[in-house]
Amino acid sequence: MNPIDKLTEYFMNFPGIGPRQAKRFVYHLLTRDQNTLNEFADHIKALKQHIKICTRCFRFFMKSASTDNMCTICSNSERNNASLLIVPRDNDLEVIEKSKSYDGLYFVLGGTVPILEKLPEARIRIKDLRARIASDKAVIKEIILAANYNPEGENTMEYVEAELTKLIGPDIKITHLGRGFSTGTEIEYSDAATIKNALKNRF
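Residues numbered from 1 in each chain as written. Predicted model: local features only at pLDDT ≥ 70, side-chain atom pairs only at ≥ 80, totals over all residues. Heavy atoms only, no water.

*Asks:* Go over the side chain of Asp92 with me, naming the residues and quoting the values.
*Replies:* Mapped onto the secondary structure, Asp92 falls in helix α4 (residues 90-99). Arg89 provides the closest opposite charge to the buried, unpaired Asp92, separated from it by 5.2 Å. Those residues in contact with Asp92 that sit more than four places away from it in its chain are Val87, Asn148, Ile187 and Glu188. (Helix = DSSP H or I, 4+ residues; strand = E, 2+ residues; numbered from the N terminus. Buried < 20%, exposed > 50% of the residue type's maximum accessible area, 1.4 Å probe, protein only. Lys, Arg positive; Asp, Glu negative; His and termini not counted. Salt bridge = Lys/Arg side-chain N within 4 Å of Asp/Glu carboxyl O. Contact = heavy atoms within 4.5 Å.)

In structure tokens form, the structure reads like this:
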């Protein structure tokens, strides 16, 4: 397989990228000079060298000499540790943080569960979430389920809620983002006002 076809295949693995768009990416790179391509390759290599996964919330964060295995959110003693917001992906967490409407902690599932999926535990970090709930059960008062209002997002949160219900007692309530989000809305593309309203009106 030639380099154009091989790189096209790589780009097609990106979310929402089809063969035509993937091919356009490749031809765009071919129009760049060698220095630009070298810099692009260096940035890709740096992802694994300088980015790590938080052992508490499983979000990606920048390594530094002053941090251990926890990100700046999880290690911040001023965050509200009685509230845990569960999101499918890092993009969702980042958008909610930028809205400045939530001061609790997070857990990133790492994906969603497609409808009719026979092995949902293979799609998301449900085992890690169970462990997180078990270790923090004494301090958590509310678990907020936040996912895109589409069939796959809602299926994911139904599965997560069913699993969590087996673990928690009456002292912990499970809520969902309010209908500040219309059906089909994706968290990643929502503005701060919409997110603030959805958190305020969670149910």
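*Asks:* Which residues make up the packing of helix α1 (residues 3-12) against helix α2 (residues 19-30), and what are the values?
*Replies:* Here α1 crosses α2 at 125°, and the two axes come no closer than 8 Å. With respect to their mutual orientation, α1 and α2 come out oblique. Of the two elements, α1 crosses α2, and the hand of that crossing is right-handed. Side by side, α1 and α2 meet where Ile4, Asp5, Leu7, Thr8, Phe11 and Met12 of the first sit next to Pro19, Ala22, Lys23, Phe25, Val26, Tyr27, Leu29 and Leu30 of the second. (Axes fitted to C-alpha atoms, helices over the stretch in contact; angles between N-to-C directions. Parallel < 35°, antiparallel > 145°, perpendicular 65-115°, else oblique. Left-handed = near helix turned anticlockwise from the far one by under 90°.)

*Asks:* Residue-level account of the packing of helix α5 (residues 126-136) against helix α6 (residues 151-165), with values.
*Replies:* It is the contact of α5 with α6, at a shortest axis distance of 11 Å, that shows an interaxial angle of 40°. It follows from the interaxial angle that α5 and α6 lie oblique. α6 is crossed by α5, and the crossing has right-handed handedness. Contacts from Ile126, Leu129, Arg130 and Ile133 of α5 reach α6 at Tyr159, Val160, Glu163 and Leu164. Residues belonging to the contact of α5 with α6 are distributed by class as follows: six nonpolar, no polar and two charged. (Nonpolar A, V, L, I, M, F, W, Y, C, P; charged D, E, K, R; others polar.)

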